[in-house]
Amino acid sequence: MNSIFTDASFQNMTNVANRYGVSTNAVTDLTQALMRSNGTMAQFNISELGGGGQWMQGGMTMVGDMFNNQLKSTVDGLCVELSNLINQGGIQYKPLPKVENQNGFQSGSGNWWGNLGFPNSTGSQNGTSYAIFSNIGRLAIQQNGKVTVFDTLDNQIGGVGQQQGGNYSVTFTSQYGTVDLSTLPIVSGEDNRPKPAPVNNNIIQNQPEPIFVEQAPVNTNNNNHNNNSALEEDIFMKIEKLADLKKKDILSVEEFENKKAELLSRL
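Residues numbered from 1 in each chain as written. Predicted model: local features only at pLDDT ≥ 70, side-chain atom pairs only at ≥ 80, totals over all residues. Heavy atoms only, no water.

> Looking at this structure, how should I read the overall build of the protein?
Per the secondary structure count, the protein includes six helices and 13 strands. Counting across all 267 residues of the protein, residues that qualify as buried make up 33%. Pairs at least 24 apart in sequence give 45% of the contacts found in the protein among residues at least 6 apart. As displayed, the protein offers around 16900 Å² of accessible surface, 48% of which is attributable to carbon and sulfur atoms. (Helix = DSSP H or I, 4+ residues; strand = E, 2+ residues; numbered from the N terminus. Buried < 20%, exposed > 50% of the residue type's maximum accessible area, 1.4 Å probe, protein only. Contact = heavy atoms within 4.5 Å. Areas by Shrake-Rupley, 256 points an atom, 1.4 Å probe, with all protein chains shown as cover.)

What follows is the structure, encoded as structure tokens:
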């Protein structure tokens, strides 16, 4: 099982296995599950670790024997250590061997994805082949003999399914859900993504010119006159109300005169 990992990586995994008292094969299988998501999660089925289980960075650990807290603690500890090693570069796949051809040395010329290295996951559906390189953030797709390499940005691709329609027969999922290939930069190869419809300049040129309607000027004098009239009416109504209050002895004569003078000063 260590043939795909560097010698230093295999030694690190062996050390982890010895500390937790599990086999190196179990740790290797768990590491490969973690590598598919760049160390953020793992879905596995390892009999030594209770069969089917799942681990996610941040605290979620599920094992087949759900009431075995010791097993759950072991799986969580293994995943945390292996995840840290992956992120620190302590666990890496071996680079593909270099072969010489007429153009010089080319790494991995026997693989359709070229010199990207060893993929975390490969597959083929309905005539479309794919290779996922989590460590370097690349996704290679081969269709009709043409290879396109995408930059996956911060997507950690962990799922592949069949797509109905579209430019490719496969669909990919990451921690954000379905990956929209149209949003990923293309590193190399042909762009098979749908192109925006061309702008028809003739349609734009034949559009009728906009019609501008001249508006009548606003008579600001009338507006000012109306505002002044409304203000005067409001003040006189208030004075009448004050007069009623004076008649009912609610306001004194002095209070009434002061309020009336204040209101009249606003005119």
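> Which parts of the structure should I look at to understand the sheet that holds strand 3 (residues 60-62)?
Backbone hydrogen bonds are what pair the strands of a sheet, in a parallel or an antiparallel way. Spatially, the three strands line up as an open sheet ordered 1-2-3, and their pairing is antiparallel. Two strands close off the open sheet at either side, each with one partner strand: strand 1 (41-46) and strand 3. Sheet twist, expressed as the mean angle between neighbouring strand axes with direction ignored, is 5 degrees. Pairing geometry for strand 2 (residues 51-56) and strand 3, over three bridges, is antiparallel. Note that in strand 3 the partner of glutamine 54 across the bridge is methionine 62. (Pairing = 2+ DSSP bridges. Axes fitted to C-alpha atoms, helices over the stretch in contact; angles between N-to-C directions.)

> Honestly, the pairing of strand 6 (residues 121-125) in this entry has me stumped. Any pointers?
For a regular strand, side-chain orientation follows a simple rule: the groups alternate between the two sheet faces. Relative to strand 7 (residues 128-133), strand 6 runs antiparallel, the two being bridged by five bridges. Within the sheet, the bridge partner assigned to serine 121 lies in strand 7 and is isoleucine 132. Following strand 6, the chain reverses through two residues before pairing antiparallel with strand 7; asparagine 126 in that reversal takes a positive phi of roughly 50 degrees.

> Would you mind showing me how to read unusual backbone geometry here?
Leaving glycine aside, a negative phi is the common case for residues, and trans is the common case for peptide bonds. Residues other than glycine seldom take positive phi values, yet leucine 153 does so here, at roughly 55 degrees. Along the polypeptide, leucine 153 turns up in the loop between strand 9 (146-151) and strand 10 (159-162). We classify leucine 153 as partly exposed; its relative accessible area is 48%. At aspartate 249, a residue that is not glycine, the phi angle is positive and equals roughly 60 degrees. Following the sequence through the fold, aspartate 249 ends up in the loop between helix 5 (220-247) and helix 6 (253-264). You can call aspartate 249 exposed: its relative accessible area is 67%.

> Sorry if this is basic, but what is going on with the sheet that holds strand 13 (residues 186-188) here?
Here five strands make up an open sheet; going across it, the order is 6-7-8-9-13 and the pairing antiparallel. One side of each edge strand has no neighbouring strand; the edge strands of this open sheet are strand 6 and strand 13. Between one strand axis and the next, the sheet turns by 25 degrees as a mean value, whatever way the strands run. Taken together, the six bridges between strand 7 and strand 8 (residues 138-143) define a ladder with antiparallel strand orientation. For phenylalanine 133, the partnering residue across the bridge sits in strand 8 and is arginine 138.

> Looking at this structure, how should I read the packing of helix 1 (residues 7-20) against helix 3 (residues 69-87)?
A pair of packed helices is characterised by two quantities: the angle between their axes and the separation of those axes. Axis separation between helix 1 and helix 3 bottoms out at 11 Å; the angle between their running directions is 160 degrees. Judged on the interaxial angle alone, helix 3 and helix 1 are roughly antiparallel. Seen from above, helix 1 lies across helix 3 with right-handed handedness. Counting all contacts with helix 1, which are made through Asn12, Met13, Val16, Arg19 and Tyr20, the residues of helix 3 involved are Thr74, Gly77, Leu78, Glu81, Leu82 and Leu85. Tallied by class, residues from the contact of helix 1 with helix 3 come to six nonpolar, three polar and two charged. (Parallel < 35°, antiparallel > 145°, perpendicular 65-115°, else oblique. Left-handed = near helix turned anticlockwise from the far one by under 90°. Nonpolar A, V, L, I, M, F, W, Y, C, P; charged D, E, K, R; others polar.)

Take it as geometry only, folks, not as evidence of what the structure does.
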